[in-house]
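Analysis of the macromolecular model
Listed below are the residues making up each chain.
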Amino acid sequence: MDAKRTPPPPTPPNPNPSVIGSGAAADGGGFGRGEAAAATKHMLAFHFLRALSRIHRATPVTRRTRTIRRAAYSSMARAASPRRAWSRALLGQVRARRSRTLMRRAAVLVRRRVVAAPAPSPASARGVRIIAAGETSAAARAVPPPPRQQGEPPRAEALRRLVPGGAGMEYSSLLEETADYLRSLRAQVQLMQGLVDLFSYQ
Amino acid sequence: MSSRRSSRGSISEEEINELISKLQSLLPNSRRRGSSQASTTKLLKETCNYIKSLHREVDDLSDRLSDLMATMDHNSPGAEIIRSILRS
């Protein structure tokens, strides 16, 4: 219920959306734990609401759900500390997807220059696979996971597949990253639930 | 991160148990259990299930937000609230 009264987020120090250091404020030495958590929530709300305002203007209805889900995960990653491996893994996926999109657009442009008439969209564009949030990037998947460390329980393997970037982590790092990822996921779910409640009452 | 870990020597059993306890406190309906291998496996299973359920909630809420935005007028109070938050 308090989520509906989300206080205005602080203005980020750098308006450049690609800067991931804006979440570093939450790790300032002077911050207490509560203050750090509040700052992170404000940053999370800022990133997600800004993405929502852009989606509203630019995105056709059929693609909106997918775009909102991607905005949710990239907002989580941007609001998190840049030292977190799961955050860097998610942002790496965002950049990889963006570069693939740009390459496809460049291919279409080249084709249009060669042919006088406008060319139809390449068939490969339809077959693009969505990278799920819990799925590791292609580069990480190419590397075989490290052999199970001493004392690592069998269930840790499933956890590695769910936490972004988990494939390459030591067991102890995996546990730390999982805890931080869980906190961010819960905060994101609370934020989105609050927005749904807010919009539903109009 | 790996090099930093290895330079400190192998991580101790005590530190692993500390991380397990921290993870346990984040799970819903978490109960205090022993630190045996079997209970750790069960804890990790619950953690996996919890992450999956949160992923599903993000999917469901994305769907609902998409529907709500489709019906939202550009001048509605919700849109105005978003703009005022972004302006501050």
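Everything below is about the structure shown above.
Let me begin by describing the structure that accompanies this report. Computed from a prediction, not measured in an experiment: that's the story for all the values here.

A word on helix H2 (residues 13-26) of chain B. Residue and element names in this part refer to chain B. Spanning 14 residues, H2 covers 21 Å between terminal C-alpha atoms, matching the ideal 20 Å at 1.5 Å per step. Within H2, burial applies to Ile-16, Leu-19, Ile-20, Leu-23, Gln-24 and Leu-26. Along H2, the residues classed as buried sweep out an arc of 155 degrees about the axis, all on the same side. Residues Glu-14, Glu-18 and Ser-25 are exposed on H2 and point more than 90 degrees away from its buried face.

Attention now goes to a negative patch on the surface. Side chains of Glu57(B), Asp60(B), Asp63(B) and Asp67(B) sit close together on the surface and give a patch of like negative charge. As for its position among the elements, Asp60(B) is in helix H3 (residues 37-71).

What follows concerns the side chain of Arg50(A). The topology assignment puts Arg50(A) in helix H1 (residues 33-58). Within the structure, Arg50(A) has its side chain in polar contact with the side chain of His47(A) (distance 3.3 Å).

Residues and elements named next belong to chain A. Overall, the coordinates contain three salt bridges over all chains when judged by the stated rule. Between Arg-84 and Glu-177 there is a salt bridge, with its nearest N and O atoms 3.9 Å apart. Here Glu-177 lies in helix H7 (residues 171-200) and Arg-84 lies in the loop between helix H2 (61-79) and helix H3 (85-114), a separation of 93 residues in the sequence. A relative accessible area of 22% means that Arg-84 is categorised as partly exposed.

If you look at the interface, chain A gives 53 residues, while chain B gives 45 residues. Carbon and sulfur atoms make up 74% of the area that chain A and chain B hide from each other, which totals about 4700 Å². The tally of links between chain A and chain B comes to one salt bridge. Close ionic contact of Arg69(A) with Asp59(B) constitutes a salt bridge, the shortest N to O distance being 3.7 Å. Between chain A and chain B we count four residue pairs in polar contact (both at pLDDT 80 or more) in total. Mapped by element, the contributors of at least two residues to the side of chain A that touches chain B are H1, H2, helix H6 (156-162) and H7 of chain A. Of all the elements, H7(A) adds the most residues to the side of chain A that touches chain B, at 21 residues. Residue classes in the side of chain A that touches chain B are distributed as 30 nonpolar, twelve polar and eleven charged.

A cluster of basic residues, Arg155(A), Arg161(A), Lys42(B), Lys45(B), Lys52(B) and Arg56(B), forms a positive patch at the surface. The greatest single-element share of the positive patch, amounting to four residues, is contributed by H3(B). Tracing the backbone shows Arg161(A) in helix H6.

Definitions and limits used
- Residues numbered from 1 in each chain as written.
- Chains lettered and ligands numbered in written order.
- Predicted model: local features only at pLDDT ≥ 70, side-chain atom pairs only at ≥ 80, totals over all residues.
- Heavy atoms only, no water.
- Helix = DSSP H or I, 4+ residues; strand = E, 2+ residues; numbered from the N terminus.
- Expected span 1.5 Å × (residues − 1).
- Buried < 20%, exposed > 50% of the residue type's maximum accessible area, 1.4 Å probe, protein only.
- Arc of directions from axis to C-beta.
- Patch = residues over 30% accessible without salt bridge, like charges linked within 9 Å, V, L, I, M, F, W, Y side chains within 5 Å.
- Areas by Shrake-Rupley, 256 points an atom, 1.4 Å probe, with all protein chains shown as cover.
- Salt bridge = Lys/Arg side-chain N within 4 Å of Asp/Glu carboxyl O.
- Lys, Arg positive; Asp, Glu negative; His and termini not counted.
- Charge placed at Lys NZ, Arg CZ, Asp CG, Glu CD.
- Polar contact = N/O pair within 3.5 Å; in protein donor to acceptor, adjacent residues only side chain to side chain.
- Contact = heavy atoms within 4.5 Å.
- Buried area = accessible area lost by both parts, 1.4 Å probe.
- Nonpolar A, V, L, I, M, F, W, Y, C, P; charged D, E, K, R; others polar.

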